[in-house]
Amino acid sequence: EAGVAQSPRYKIIEKRQSVAFWCNPISGHATLYWYQQILGQGPKLLIQFQNNGVVDDSQLPKDRFSAERLKGVDSTLKIQPAKLEDSAVYLCASSLGGVGWTEAFFGQGTRLTVV
Amino acid sequence: TQLLKQSPQFLSIQEGENLTVYCNSSSVFSSLQWYRQEPGEGPVLLVTVVTGGEVKKLKRLTFQFGDARKDSSLHITAAQPGDTGLYLCAGTPNFGNEKLTFGTGTRLTIIP
């Protein structure tokens, strides 16, 4: 079974530039998450989708971050304009969703460096 | 926001020793998971606990969920170099809500 696919793996940009990350979840998984993980810390939830609807985006800095999941399958996360403090690994995860807890599967992440 | 604080933040021990990692919160969780993350990879699920007081064993790893479902611990017996990694606890607030909140993380290094 194919896992969660993310691209690119690495990205270096200058501050004030824009960047986009792509995620393709495991087929059939209704729930999709985007996390930001700063070096040495636990992942911080940015946004959670259930199919193509947003369930939680309370920690998404909406002045510069945006995310969409058109057609309820793959998703993109955009940062515009980027700041130095956005340097982090951006992780995408997916789970089956529905009643009861199901395992979240993570992609390898995109390491963003803002210079 | 429900916060999960892990301790210790860093732990470096010799191969063969035992260790315990703690995950604490002031909030109640319906379920709690433990993940391990290796460099350049995403977290991988180790175990899920859902019942207060529940104990689960996975080979040399023992996981416990507190009676009040606010805390958890991970105990490793006879640690091996392959256990090295970042250990993360993560909780969901209530059944039917899959908002997964991660703890602060414990970076474990096992010295051969």
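An account of the accompanying structure is given in this report.

## Some details on the interface of chain A and chain B
Here's step 1: Every contact between the two is made by 24 residues of chain A and, on the other side, 20 residues of chain B.
Here's step 2: Contact between chain A and chain B buries roughly 1800 Å² in total, counting both sides, with carbon and sulfur atoms accounting for 51%.
Here's step 3: The interface formed by chain A and chain B includes 1 salt bridge.
Here's step 4: Salt-bridge contacts for aspartate 56 of chain A lead to lysine 99 of chain B; the nearest nitrogen and oxygen are separated by 3.2 Å.
Here's step 5: At the boundary of chain A with chain B, the tally comes to 6 residue pairs in polar contact (both at pLDDT 80 or more).
Here's step 6: Elements that contribute at least two residues to the side of chain A that touches chain B include exactly β4 (31-37), β5 (44-50) and β9 (88-95) of chain A.
Here's step 7: No other element matches β4 of chain A, which puts 4 residues into the side of chain A that touches chain B.
Here's step 8: Looking at the side of chain A that touches chain B residue by residue, the classes come out as 8 nonpolar, 13 polar and 3 charged.

## Section: the sheet that holds strand β3 (residues 19-24) of chain A
Residue and element names in this part refer to chain A.
Here's step 1: Ordered in space as β1-β3-β8-β7, the 4 strands form an open sheet in which the pairing is antiparallel. Either end of the sheet is taken by a strand with one partner, and the two such strands are β1 (5-7) and β7 (65-68). Shown here is a sheet whose adjacent strand axes are inclined to one another by a mean of 15°, direction ignored.
Here's step 2: The pairing of β3 with strand β8 (residues 75-79) spans 5 bridges and is antiparallel.

## Notes on the layout of surface pockets
Here's step 1: Space inside the largest pocket adds up to approximately 400 Å³.
Here's step 2: Those elements that place two or more of their residues in the lining of the largest pocket are β9 and β11 (110-114) of chain A.
Here's step 3: In terms of residues, the lining of the largest pocket owes the most to one element, β11 of chain A, which gives 4 residues.
Here's step 4: Split into classes, the residues belonging to the lining of the largest pocket amount to 9 nonpolar, 10 polar and 5 charged.
Here's step 5: Forming the boundary of the second largest pocket are 20 residues, of which Gly42, Pro43 and Lys44 of chain A together with Phe102 and Gly103 of chain B lie nearest the centre.
Here's step 6: Contributions of two or more residues to the lining of the second largest pocket are made by β5 of chain A together with β10 (101-102) of chain B.
Here's step 7: Taken together, the residues of the lining of the second largest pocket sort by class into 7 nonpolar, 11 polar and 2 charged.

Rules used in this analysis
- Residues numbered from 1 in each chain as written.
- Chains lettered and ligands numbered in written order.
- Predicted model: local features only at pLDDT ≥ 70, side-chain atom pairs only at ≥ 80, totals over all residues.
- Heavy atoms only, no water.
- Contact = heavy atoms within 4.5 Å.
- Buried area = accessible area lost by both parts, 1.4 Å probe.
- Salt bridge = Lys/Arg side-chain N within 4 Å of Asp/Glu carboxyl O.
- Polar contact = N/O pair within 3.5 Å; in protein donor to acceptor, adjacent residues only side chain to side chain.
- Helix = DSSP H or I, 4+ residues; strand = E, 2+ residues; numbered from the N terminus.
- Nonpolar A, V, L, I, M, F, W, Y, C, P; charged D, E, K, R; others polar.
- Pairing = 2+ DSSP bridges.
- Axes fitted to C-alpha atoms, helices over the stretch in contact; angles between N-to-C directions.
- 1 Å grid on protein atoms, 1.4 Å probe; cavity = no way out; pocket = protein on both sides within 12 Å on 5 of 7 lines; lining within 4 Å.
- Points joined across faces, edges and corners; volume = space filled by probe spheres on them.

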